[in-house]
Amino acid sequence: MSSAEIGIIGGSGLYSMPGFTNVHEERVETPFGSPSDAFVVGELEGRKVAFLARHGRGHRVLPSELNFRANIYAFKKLGVERILSVSAVGSLKEEHKPTDFVIPDQFIDRTFHRISTFFGDGIVGHVAFGDPVCATVAKAAVNACAKVGVIGKLGGTYVCMEGPQFSTRAESNLYRSCGADVIGMTNLQEAKLAREAEICYATVAMVTDYDCWHEGHDAVTIEEIVAVLHRNADNACKVVKAAVAAMPRERTCACVSAAKYAVLTQPDAIPEAAKERLKLLFGKYHGW
């Protein structure tokens, strides 16, 4: 199965992608269960693109319930080489205002109940993750922001929290003391699994509000946040379209071979079931 080259993950407020042509849906089976929803596959700006609503259409899946492995594996099975993720976040700095977009290049993990690796069950592996975001995809995203007139800031740290509750004020101030920029609930697991799958990954973090540290936080109404979500979704569609159009055709980054030396388990000790499960990801290096 090979239907797309670029993957788009839509987060809160972004459940579809206008501008697709030659559209069809594909339900992808994986060894890790079912993805969040069917993939909408088609052409955007002359490129083959697969779109996935992260929380399912209708927003049915909690961040902690997301089957991240199935989502990323399915993108790989569809032939996707680059993923541009879009998600709603809270701001931890005054400078990142609602409706601003941030393209982070670092993460802090504050999750507790999630599986964020394809390894395990008889096979041990490690990949480098010091620079967790693909610079090529991140650059395409920030340049797209400039092209369509959206405030987009390259760089910064995304705190990935467990949720679904938002932060306490003490937690929010702790993250601020670490110099973090935005806070969300989904992107770190995607980035980790994309790296293992040798898929380039970057995220567009759409600021909806200031986290609870901000003095004006309690004055923000749900209606105001929803209005920002809608405005962000409209802007995200423009940014994604421009980023897809500008994405280089060839990959020259380190993501391409990130898992070449990842597997540490001795070949004769790897269960056949593990080889079959991970053949799509690592088989080319080991003759599985």
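Bear in mind that the values here come from a model prediction, so they are computed numbers and not experimental data.

**Q** Residue-level account of the UniProt feature "site: Important for substrate specificity" (unreviewed entry) in the protein chain, with values.
**A** In this structure's numbering, the residues bearing the UniProt feature "site: Important for substrate specificity" (unreviewed entry) are S167 and I222. Apart from residues lying up to four places away in sequence, S167 is in contact with M161, S172, Y175, I183, D211 and C212.

**Q** Describe the UniProt feature "binding site: phosphate" (unreviewed entry) in the protein chain, listing the residues and the values that go with them.
**A** Here, UniProt's "binding site: phosphate" (unreviewed entry) annotation points to S12, R54, H55, S87, A88 and T186. Secondary-structure assignment places S87 in strand β5 (residues 82–91). If sequence neighbours within four positions are ignored, S87 has contacts with G11, R54, Y158, T186, N187, T203, V204, A205 and M206. One polar contact links S87 to N187, side chain to side chain, over a distance of 3.0 Å. Note on placement: A88 falls in strand β5. A88 gets classed as partly exposed once you look at its relative accessible area, which sits at 25%.

**Q** Got a sec to walk through the side chain of D181? Specific residues and values, please.
**A** Mapped onto the elements, D181 comes out in the loop between α3 (169–177) and β10 (182–184). If we ignore the near neighbours within four places in the chain, the residues touching D181 are G90, S91, L92, K93, H96, G156 and T157.

**Q** Can you lay out the side chain of R114 for me, pointing to particular residues and giving the numbers?
**A** With respect to the secondary-structure elements, R114 resides in the loop between β7 (106–110) and α2 (135–148). Residue classification places R114 among the buried residues on the basis of a relative accessible area of 14%. One polar contact links the side chain of R114 to the main-chain carbonyl oxygen of M185, over a distance of 2.6 Å. Looking at R114, its side chain comes within polar contact range of the side chain of Q189, at 3.2 Å. The contacts of R114, once residues within four sequence positions are left out, are P63, S64, F68, C160, M161, E162, M185, T186 and Q189.

**Q** So what's going on with the packing of helix α1 (residues 68–77) against helix α4 (residues 187–196)? Which residues, and what values?
**A** Two elements in contact, α1 and α4, have axes whose closest approach is 9 Å; the angle formed by their N-to-C orientations is 45 degrees. With respect to α4, the element α1 is oriented oblique. Handedness of the α1/α4 crossing: right-handed. Touching F68, R69 and I72 of α1 are Q189, E190, L193 and A194, all from α4. Residue classes in the contact of α1 with α4 are distributed as four nonpolar, one polar and two charged.

**Q** Any chance you could break down α4 for me, citing the residues and the numbers?
**A** The buried fraction of α4 amounts to nine of the ten residues, a majority that puts the element mostly inside the structure. Within α4, burial applies to N187, L188, Q189, E190, A191, L193, A194, R195 and E196. Looking at the residues trailing α4, positive phi occurs at E198, about 60 degrees.

**Q** Explain the pattern of salt bridges residue by residue, including any values.
**A** Considering all chains together, one arrives at 15 salt bridges under this definition. Among the ionic pairs, E5 bridges to R47, the shortest N-O distance being 2.9 Å. With E5 in the segment before β1 (6–10) and R47 in strand β4 (residues 47–53), this residue pair connects regions lying 42 residues apart in the sequence. A relative accessible area of 1% places R47 in the buried class. A salt bridge links K97 to D100; the nearest nitrogen and oxygen atoms lie 3.6 Å apart. The network of salt bridges with common partners includes E25, R27, D37, R57 and R60.

Definitions and cut-offs
Residues numbered from 1 in each chain as written. Predicted model: local features only at pLDDT ≥ 70, side-chain atom pairs only at ≥ 80, totals over all residues. Heavy atoms only, no water. UniProt positions renumbered as here; feature names shortened; annotations may be inferred. Contact = heavy atoms within 4.5 Å. Helix = DSSP H or I, 4+ residues; strand = E, 2+ residues; numbered from the N terminus. Polar contact = N/O pair within 3.5 Å; in protein donor to acceptor, adjacent residues only side chain to side chain. Buried < 20%, exposed > 50% of the residue type's maximum accessible area, 1.4 Å probe, protein only. Axes fitted to C-alpha atoms, helices over the stretch in contact; angles between N-to-C directions. Parallel < 35°, antiparallel > 145°, perpendicular 65-115°, else oblique. Left-handed = near helix turned anticlockwise from the far one by under 90°. Nonpolar A, V, L, I, M, F, W, Y, C, P; charged D, E, K, R; others polar. Salt bridge = Lys/Arg side-chain N within 4 Å of Asp/Glu carboxyl O.

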